[in-house]
Amino acid sequence: MRTRSRARSWALQALYAWESRGGEGSPARFVDSFLLGRRINIESEEYLRVLLELIDDHLGEIDHEVDASLENWRMERLSVIDRNVLRIGAAELLFSPDVPPRVAIQEAIRLAERFGTDQSARFVNGVLDALMRTSDRAGEIR
């Protein structure tokens, strides 16, 4: 598994833990306590921090954009895993120009397959694809 893929997995676990503890404060500040006792290579830890800072800085906008891309669902009704996989994918899709849109979506699908339900991967794909098509990065589709 590549460094950034590992970092995305750690980010999902950190967001899950942060939300499970009430979602108080910011995910970026929570990361230090999350990392205690965990062995993560330095490159993965660096990208984990980048992702959580990105999500922290743009959480309201990310949630709004994901919510607008949901059909017959609301963010608060999603499972914690699906909601946070979508946040990670949307953060990269909307705010990481160094990550191609298709890569952001594919990586989110992999997270959903690994940590979500049998339906999570298809659901995540559909939501992020809809988000990509309405974003400023829609022209970057390869």
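Residues numbered from 1 in each chain as written. Predicted model: local features only at pLDDT ≥ 70, side-chain atom pairs only at ≥ 80, totals over all residues. Heavy atoms only, no water.

## Details of the overall build of the protein
Put simply, the test is: Helix and strand labels come from DSSP, where a helix needs a run of H or I of at least four residues and a strand needs a run of E of at least two; each type is numbered from the N terminus. In this setup the radius of gyration rests on C-alpha atoms only. A globule is expected at 2.2 Å times the number of residues raised to 0.38.
Looking only at helices and strands, one finds 6 helices and 0 strands in the protein. Listed N to C, the secondary structure of the protein is α-α-α-α-α-α in terms of helices and strands. For 142 residues, the compact-globule estimate of 2.2 N^0.38 gives 14 Å, and the C-alpha radius of gyration of the protein, at 14 Å, lies within 12% of that figure. Counting only C-alpha atoms and orienting by the principal axes, one finds that the protein spans roughly 40 × 30 × 30 Å.

## Here's the deal with the pattern of salt bridges
Rules: Any Lys or Arg side-chain nitrogen found within 4 Å of a carboxyl oxygen on Asp or Glu counts as a salt bridge. Note on exposure labels: buried denotes an accessible area under 20% of the residue type's maximum, exposed denotes more than 50%, and partly exposed covers the range between, all computed with a 1.4 Å probe on protein chains only.
Counted according to the given criterion, the structure contains 13 salt bridges. With a shortest N-O distance of 2.5 Å, Glu19 and Arg83 are connected by a salt bridge. Separated by 64 residues along the polypeptide, Glu19 in helix α1 (residues 3–20) and Arg83 in helix α4 (residues 80–95) bring together distant segments of the chain. On the basis of relative accessible area, Arg83 is assigned to the buried category, the value being 9%. The shortest N-O distance in the salt bridge between Asp63 and Arg87 comes to 2.8 Å. Highlighted residues: Asp63 in helix α3 (residues 42–69) and Arg87 in helix α4, separated in sequence by 24 residues. Here the two residues Asp63 and Arg87 agree in accessibility, since each one is buried. Salt bridges here are not isolated pairs; linked through shared partners, they connect Arg2, Arg8, Glu92, Glu107 and Arg110.

## Considering helix α2 (residues 27–35)
Residues spaced three or four apart along an α-helix point in a common direction, a consequence of the helix completing one turn every 3.6 residues. Using the following cut-off: This arc corresponds to the set of directions leading from the helix axis out to the C-beta atoms. Two residues qualify as a contact provided that any one of their heavy atoms is within 4.5 Å of a heavy atom in the partner residue.
Taken together, the buried positions of α2 are occupied by Pro27, Ala28, Phe30, Val31, Phe34 and Leu35. The buried residues of α2 all sit within an arc of 145° when viewed along its axis, so they share a single face. Packed against the buried residues of α2 are α1 and α3. Once α2 finishes, Gly37 follows within two positions and takes phi at roughly 80°, a positive value.

## Here we look at unusual backbone geometry
Outside of glycine, negative phi angles account for most residues, and trans bonds account for most peptide bonds. Of note, Asn72 is a non-glycine position whose phi angle comes to about 60°, a positive value. Following the sequence through the fold, Asn72 ends up in the loop between α3 and α4.

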